Each structure stands twice: as C-alpha cells, then as structure tokens.
Amino acid sequence: NLDGAIAAVDMPVLSVSFSDDIRLAPKEACDDYVRRMPKARLTRLHLTPQEIGLEEASHFTHLRGAEQFWARIDGWLRQTLR
C-alpha cells in the first residue's frame, strides 16, 4: 500500500494523459491517482493528438515523433525547476 508515500509527495508533479488512451491510463484514472497527492504542486495535462502534432496519442504512441510533446515537457521543466 503506497497511499501514505503518495500522499506525502510535496514536490512538482506533471501528470499527463491522452484523449486516445482509453484503456491503460484514461483521464479519470489519472485524475484519481493525482488526487492522492494533496501536497504536490500539480500540473495536470490532458492532451489531444492535435495539441502535440500527432495523429494518435495514447499510452505508448505519444513517444514517437512527438517533438511538440517533448517541447511542452521541456517548457514545464524549465519553468518549474528553476
């Protein structure tokens, strides 16, 4: 049971889900997970493929050819961790 450890997280957290990911990590499941981190400085993104320049963006496909996605992650890191 990791609920205590998850609840203790008090650092920046970027949680990303994809509109096409309806089986492995749907939006509702991701939202439920991050609700367990009340102390976290949360940024929550739920992205469509079009928002990151892909035809499909799901649990595994978001990694391929996703320069716009990686740019968003880079921007979040630069802004959050300065």
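None of the values given here were measured: they were computed from a predicted structure. (Residues numbered from 1 in each chain as written. Predicted model: local features only at pLDDT ≥ 70, side-chain atom pairs only at ≥ 80, totals over all residues. Heavy atoms only, no water.)

Student: I tried to follow the pairing of strand β2 (residues 41–47) on my own but got confused; where do I start?
Tutor: Within a regular strand, side chains alternate between the sheet's two faces. In the sheet, strand β1 (residues 12–18) pairs with β2 via 7 bridges, with the strands oriented parallel. Each residue of the ladder has a partner; that of V13, found in β2, is L42. Assessed by its sense of winding, the connection that carries the chain from β1 through helix α2 (residues 27–35) to β2 is right-handed. (Pairing = 2+ DSSP bridges. Helix = DSSP H or I, 4+ residues; strand = E, 2+ residues; numbered from the N terminus. Right-handed = clockwise from strand over helix to strand, strands pointing away.)

Student: What am I meant to see in α2 here?
Tutor: Helical geometry note: an α-helix holds 3.6 residues per turn, so side chains three or four residues apart project in the same direction. Of all the positions in α2, only C30, D31 and V34 are classed as buried. The arc that holds every buried residue of α2, seen down its axis, measures 100 degrees, which confines them to one face. Turned more than 90 degrees away from the buried face of α2 sit E28 and R35, all of them exposed. Taken together, the buried residues of α2 touch β1 and β2. (Buried < 20%, exposed > 50% of the residue type's maximum accessible area, 1.4 Å probe, protein only. Arc of directions from axis to C-beta. Contact = heavy atoms within 4.5 Å.)

Student: In this structure, what is going on with the pattern of salt bridges? I would like to understand it.
Tutor: Close approach of charged atoms allows side chains of opposite charge to pair. In the structure shown here, the tally under the stated rule is 5 salt bridges. Across the salt bridge formed by D3 and R36, the nearest N and O atoms sit 3.7 Å from each other. Residue D3 is located in helix α1 (residues 3–7), and its partner R36 is located in the loop between α2 and β2; the two are separated by 33 residues in the primary sequence. A relative accessible area of 40% places D3 in the partly exposed class. Put simply, R78 and D74 hold a salt bridge, and the shortest N to O gap is 2.7 Å. Here D74 and R78 lie together in helix α3 (residues 67–80), a separation of 4 residues that amounts to about one turn. Three or more residues joined by partner-sharing salt bridges are found here, namely D3, D32 and R36. (Salt bridge = Lys/Arg side-chain N within 4 Å of Asp/Glu carboxyl O.)

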